[in-house]
Amino acid sequence: MKVLAPVPPMGWNSWNSFGWNISEELIKTTADLFVESGLKDAGYEYIVIDDCWSEKKRDADGRLVPDHTKFPNGMKDVADYVHSKGLKFGMYSCAGTHTCAGYPGSFEHEYIDAQTFAEWGVDYLKYDYCYKSIAAEGANLYRRMSMALRSCGRDILFSACNWGSDNVLSWIRSSGAQMFRSTGDIQDKWSSIKNIALSQLNNQPYGGPYCHNDMDMLVVGMHGNSDNAEVVDGDKGGCSDVEYKTHFALWAIMNSPLIIGCDIRRMSDNTKEVLMNKDIIAINQDTECRGPYCIKQWNNPDNVFALIKPLSDGDYAIGMFNLSDNRSEMSLQFYDIGLPATAGRALRLYDCYSHSEDGVYEDRYATYIEPHDCKMFRARVVKL
Ligand code: GAL
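About the cut-offs
- Residues numbered from 1 in each chain as written.
- Predicted model: local features only at pLDDT ≥ 70, side-chain atom pairs only at ≥ 80, totals over all residues.
- Heavy atoms only, no water.
- Phe/Tyr/Trp six-rings, centres within 6.5 Å; stacked < 30°, edge-to-face > 60°.
- Buried < 20%, exposed > 50% of the residue type's maximum accessible area, 1.4 Å probe, protein only.
- Helix = DSSP H or I, 4+ residues; strand = E, 2+ residues; numbered from the N terminus.
- Lys NZ or Arg CZ within 6 Å of the ring centre and 35° of its normal.
- Domains from an automatic or database assignment.
- Buried area = accessible area lost by both parts, 1.4 Å probe.
- Pairing = 2+ DSSP bridges.
- Near = heavy atom within 4 Å.
- Polar contact = N/O pair within 3.5 Å; in protein donor to acceptor, adjacent residues only side chain to side chain.
- Areas by Shrake-Rupley, 256 points an atom, 1.4 Å probe, with all protein chains shown as cover.
- Nonpolar A, V, L, I, M, F, W, Y, C, P; charged D, E, K, R; others polar.
- Core = buried A, V, L, I, M, F, W, Y, C linked by side-chain atoms within 4.5 Å.
- Contact = heavy atoms within 4.5 Å.
- Axes fitted to C-alpha atoms, helices over the stretch in contact; angles between N-to-C directions.
- Parallel < 35°, antiparallel > 145°, perpendicular 65-115°, else oblique.
- Left-handed = near helix turned anticlockwise from the far one by under 90°.

### Focus on the packing of aromatic side chains
Counted by the stated rule, this structure contains 14 aromatic pairs. Judged by centre distance (6.2 Å) and plane angle (55°), the ring pair of W12 and F18 falls under tilted. Taking relative accessible area as the criterion, W12 reaches 0% and is therefore assigned buried. An angle of 85° between the planes, with centres 5.7 Å apart, marks the rings of W53 and W120 as edge-to-face. Note that W53 is positioned in the loop between β2 (46-48) and α4 (74-84) and W120 in helix α5 (residues 110-120), a separation of 67 residues in sequence. Here W53 and W120 have matching classes, each one buried. The ring centre of Y103 lies 4.7 Å from the NZ or CZ of K56, which sits over that ring. The ring centre of Y353 lies 4.5 Å from the NZ or CZ of K245, which sits over that ring.

Okay, structure coming up:
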């Protein structure tokens, strides 16, 4: 078996923008656009079909059946097409008797379903938690599907999705899963982005190579254009370009998988710039996958903070975030990150948005950050 997910997986998932409204054509077009738009070259690899892809009943042999109207040529055909573009193919099932949208779940069908997914050429399985039997222990159900996938004869990345419940942090790595959802569903709203990010600041020690903390799919570029009423609760939402920039930076430095959720047929230039910022992606994809620590701004500790992440080439990623609604000071004292004034050294900062050197700073870096905005640097210790 190949070792999967040494660094956070990158890809696209149908749920945020399309919900039930998915089809063979949508997935194939998305695969085409992955290549044409540069997403593939930027590192995005998995194209994942979420809920609502199957018929409501299994066949006479107990196998899952793709929806005949949405996927008239079956899933192997879709997988072959995605693979022909040099990409990987993901699908979705659930640890319960039914998926969240009411289609058949894999409960007590784990091995036959893993076999079916392997035969279709699936490379990634998202595994949800709706309609879980109260008689079954959640951890055991994830171990079960993990074992079924690990023995099915194909490398299939296992993406657990139990929304952070049942103390998932304490057992998910040992289940064999490569990523795990740690929160409820994201919405295309600033408040949702902010709440998810704040809720995971203390959970950074739990992710790492081969098992990553999934803060849910990105809403970057959705601009309230979801077809998925379930996700947005009737409120179409939408964020500003600055908010999407900050959302992406948070997910990147906090080592979340980067799974795009917008309709990539409609990406604006700004959306492309955010999603394909190579300097930000490099911070997320760093080999060591060290979760950042947090230094809070003394006069606004709940909303303004810096995240510091050691990188494998000796640099440090430094993200500065202002999640408040007012312009705010952010001053990073270098002694707080391991560099006292007496060290005879300074930090050379490279700006990940202008893609150029910002300057060499001694003792501290102080700046103002606009509401909901951020800065992201790659820092290197240099001798004075
Ligand atoms: C939720 C899950 C979402 C999506 C949805 C499908 O439980 O968190 O990401 O997969 O189910 O019904």
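That shown, we press on.
### Observations concerning the domain arrangement of the chain
If you check the domain split of the chain, you get domain 1 (10-284) and domain 2 (293-383). Measuring from the centre of the C-alpha atoms in domain 1 to the corresponding centre in domain 2 gives 32 Å. Between domain 1 and domain 2 lies a buried interface of about 1900 Å² when both sides are counted; carbon and sulfur atoms form 67% of it. Ranking the residues of domain 1 by area buried against domain 2 places K245, I253 and I283 at the top, with a combined share of 30%.

### Side note on the pairing of strand β12 (residues 328-333)
β12 sits mainly inside the fold: five of its six residues count as buried. Here six bridges tie β12 to strand β15 (residues 364-369), and the two strands are oriented antiparallel to one another. Each residue of the ladder has a partner; that of E329, found in β15, is Y368.

### Description of the site of the ligand
Around the ligand, a shell composed of 13 residues is seen, among which D50, D51, K126, D128 and D185 lie nearest. At 3.0 Å from an oxygen atom of the ligand is found a side-chain nitrogen or oxygen belonging to W163. In the complex, the protein chains occlude 96% of the 310 Å² of accessible area that the ligand would expose alone. A breakdown of the residues in the shell around the ligand according to their chemical character gives seven nonpolar, no polar and six charged.

### Looking at unusual backbone geometry
Of note in this structure, H223 is not a glycine but carries a positive phi near 50°. The topology assignment puts H223 in the loop between β7 (212-214) and α9 (229-232). Classification of H223 by relative accessible area gives partly exposed; the value is 34%. The backbone of H355 shows a phi angle near 55°, a positive value even though the residue is not glycine. One can find H355 in the loop between β13 (345-351) and β14 (356-361).

### Quick word on the nonpolar core
Within the largest apolar cluster, 92 residues are counted, with the highest numbers of intra-cluster contacts made by Y44, W53, F248 and W251. At seven residues, helix α10 (residues 241-253) tops the list of elements feeding residues into this core. In this structure, this core is formed jointly by two domains, domain 1 (10-284) and domain 2 (293-383), each of which donates at least three residues. If we skip the residues at most four places from it in the chain, Y44 touches M10, G11, F34, L39, L87, F248, L258, I260, L275 and I281.

### Observations concerning the packing of α5 against helix α6 (residues 138-150)
Taken N-terminus to C-terminus, the directions of α5 and α6 make an angle of 40°; their axes are 8 Å apart at the nearest point. When the axis of α5 is compared with that of α6, the two are oblique. Of the two possible hands of crossing, α5 and α6 adopt the one that is right-handed. In contact with E110, Y111, D113 and A114 of α5, α6 contributes L141, R144, M145, M147, A148 and L149.

### Description of the environment of D373
If you trace the backbone, D373 turns up in the loop between β15 and β16 (374-383). On a C-alpha basis, the gap between D373 and N13 in space is 26 Å, while along the polypeptide they are 360 residues apart. Each residue touching D373, except ones within four places of it in the same chain, is listed here: V242, K245, T246, M320, F321 and N322.

### Re the side chain of S37
With respect to the secondary-structure elements, S37 resides in the loop between α2 (24-36) and α3 (39-42). A distance of 2.6 Å separates a polar side-chain atom of S37 from the backbone oxygen of L33. A polar atom in the side chain of S37 sits 3.4 Å from the backbone nitrogen of L39. Those residues in contact with S37, other than ones at most four positions away along the chain, are M267 and M276.

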